[in-house]
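# Structural features, examined
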Amino acid sequence: MSASLNAVAATTVTTAQDPACAEPLAVLGRDVTVPLVTGGEVTYAALDYAASAPALQRVWDDVAAYAPYYGSVHRGAGYLSQLSTDLFEQSRATVAEFLDCRPGDQVVFTRSTTDSLNLLAAVLPADCQVFVFETEHHASLLPWTNAQVTYLNAPRTPAEAVATLERALADREPYGPALVCVTGASNVTGELWPVKELAAAAHAHGARIVLDAAQLAPHHPVSVRDLDVDWVAFSGHKLYAPFGSGVLAGRADWLQEAEPYLAGGGASRKVSRREDGGVDVEWHTTAARHEAGSPNVIGVYSIASACRALTEAGFGNLVAREQQLVTRVREGLAEVPAVRVLSLFGDDAPRVGVISFVVDGWNSSHFAAALSAEYGIGVRDGLFCAHPLVRTLLGSEPQAQGECGAPEAAPGERSLNAIRVSFGAGTPDEHVERFVRAVKELVADGAKWQYRTEEGRCVPAV
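These notes cover the structure that comes with them. From a predicted model like this one, the values you see are computed outputs, not experimental measurements. Note that residues are indexed from 1 along each chain, following the sequence as it is written. At least 70 in pLDDT is required for a residue's local features to be given in this predicted model, at least 80 for side-chain atom pairs to be given and counted, and no such filter applies to totals for whole chains, interfaces and linings, which use all residues. Computation of side-chain values covers all heavy atoms of the structure but excludes hydrogens and water.

## Some details on the pairing of strand E17 (residues 418–422)
What counts is decided by this rule: Only protein chains enter the accessibility calculation, which uses a 1.4 Å probe; a residue is then buried when its area is under 20% of its type maximum, exposed when over 50%, and partly exposed in between. Only DSSP runs of H or I covering at least 4 residues are called helices, and only runs of E covering at least 2 are called strands; the numbering of each starts at the N terminus. When DSSP finds at least two bridges between two strands, those strands are taken to pair.
Most of E17 is tucked away, with five of its five residues classed as buried. Here E17 shows two buried faces, one formed by Ala418, Arg420 and Ser422 and the other by Ile419 and Val421. As paired elements, strand E14 (residues 354–359) and E17 share four bridges and run antiparallel to each other. By the bridge assignment, Phe357 is partnered in E17 with Ile419. Relative to E17, strand E16 (residues 380–382) runs antiparallel, the two being bridged by three bridges. Paired with Asp381 across the bridge in E17 is Ile419.

Laid out in structure tokens, this is it:
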């Protein structure tokens, strides 16, 4: 790496701390204030990390330091282009190290987890069978349209998940290439899945496995080598990195043998005209094969910066502190009889900072709107792009209509939704305490404001 690039990449190393006294990592927006319908302003409590985590200040500073050196990647002879290319490829190495990839694994940069899994779907060998639990996020549930897909019922224990997969793989006909797709941590319940055991079951039956780590990587270290997964996919925007980039990392053979995901510049190594008027193309066999077009170098660098920041902060401390927040939220919600927390594997299942629940007598959209308008707390309501799972957990029973609903939803399911609170390395204790207090006050006293439905959303009435 050049001296100038070293200067660009140089950042302050965060020293690991005792989780008992650890402070949240600095994130953008931590001092933003928002108005309350009841008057005054309050510091915004961002508790929707499972959708998009706020960017780490460290990441933003790294990107700002690089921005003046921005140049085209893999395309230019100029100094800034060469520097940007060096930074881009160093970022690939950083991500490989963060994921503990094996020798020979490829790291392909994409737009998101969804894009990564659609890329993998596009390179499946002929006649490949795909096995996926109905509990998956739509990003990992839906891309397999060109394969024979077996959707597995929602398991109620980790052991049942492994047994269900083993039976399905053993019964498959014909016995050919197969892929298992599984989440690492649910975006609805936050529960951790038995990835290592599922990988062992897949390999024992001649199948491969891809891990959707969108909700796992921001909260826990992910080792491709230790989990023995064939591929892992995740998004930068959930890993405290802005700018819309993602990663697909893992075995190179299927990626190298398939036609490029996108055809164009960067993916092609050599293009020549034929005498019959057509063209012959020699595609790259490296990760560039599936990275056609001008790459998002800033997005890629932001992912690498986030990987370094989380590693240097110490995942052990981050996990320990987050578990303290999980315990506080779960204990607080347990003190409210009207609240039902959604779970597949039960109260004792290990989980990350993602918790979904419903409140008796409340439409979830109404409750979420009141949290925002009256307390300055941002959560998510709905089915969380995991419709089959949430319907299973809710029993497909619509909630009481309340003041707000979703008029465009299907009959009988008009108000079928839940509330999700999610948090992570940048969440202050005060945000969690305010959330618990707000839930108790809303259940005990009701909303202080009137609400109405506007374009499918519950909003404060003027």
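The structure having been displayed, the exposition proceeds.
## Concerning empty space enclosed by the protein
Spelled out, the test is: Only protein atoms enter the calculation, which uses a 1 Å grid: trapped sets of points that fit a 1.4 Å probe without letting it out are cavities, open sets showing protein on both sides within 12 Å along at least five of seven lines are pockets, and any residue with an atom within 4 Å of a point is a lining residue. Grid points are joined across faces, edges and corners, and a volume is the space filled by probe spheres set on the points. Under the grouping applied here, Gly and all other residues not named as nonpolar or charged are polar, the nonpolar ones being Ala, Val, Leu, Ile, Met, Phe, Trp, Tyr, Cys and Pro and the charged ones Asp, Glu, Lys and Arg.
The final tally for this structure, using the stated rule, is two cavities of 30 Å³ or more. Taken as a whole, the second largest cavity spans an internal volume of roughly 50 Å³. For the second largest cavity, the full set of lining residues is Tyr49, Ala50, Ala53, Gln215, Pro218, His219, Lys238 and Tyr240. A breakdown of the residues in the lining of the second largest cavity according to their chemical character gives five nonpolar, two polar and one charged.

## Details of the sheet that holds E17
This is how the line gets drawn: In this analysis an axis means a line fitted to C-alpha atoms, helices contributing only their contacting stretch, and an angle means the value between N-to-C directions, from 0 to 180 degrees. Contacts are residue-level and defined by heavy atoms, with any inter-residue pair within 4.5 Å sufficient.
If you trace the four strands from one edge of the open sheet to the other, you get E13-E14-E17-E16, paired in antiparallel fashion. Both edges of this open sheet fall to strand E13 (339–341) and E16, since each of them pairs with a single strand only. Adjacent strand axes in the sheet meet at a mean angle of 30 degrees, parallel and antiparallel pairs treated alike. In this fold helix H11 (residues 315–334) packs onto E13, E14 and E17, with an angle of close to 10 degrees to the strand it touches most, E14. Contacting E14, E16 and E17, helix H12 (residues 364–375) runs over the sheet at an angle of about 115 degrees to E14.

## Some details on the layout of surface pockets
In this structure, the second largest pocket occupies an estimated 300 Å³ of space. The wall of the second largest pocket is formed by 18 residues, among which Phe109, Thr110, Arg111, Asp115 and Ala292 lie closest to the centre. Along the lines of polarity and charge, the residues of the lining of the second largest pocket split into eight nonpolar, seven polar and three charged.

## Quick look at helix H6 (residues 158–170)
Residues spaced three or four apart along an α-helix point in a common direction, a consequence of the helix completing one turn every 3.6 residues. Inclusion rule: One less than the residue count of a helix, multiplied by 1.5 Å, gives the span that helix is expected to have. Note: the arc covers the axis-to-C-beta directions of the helix.
With 13 residues, H6 extends 19 Å from end C-alpha to end C-alpha; this agrees with the ideal 18 Å at 1.5 Å per step. When we look at burial in H6, the residues that qualify are Ala161, Val162, Thr164, Leu165, Ala168 and Leu169. Along the axis of H6, the buried positions cluster into a sector of 160 degrees, meaning they face one direction only.

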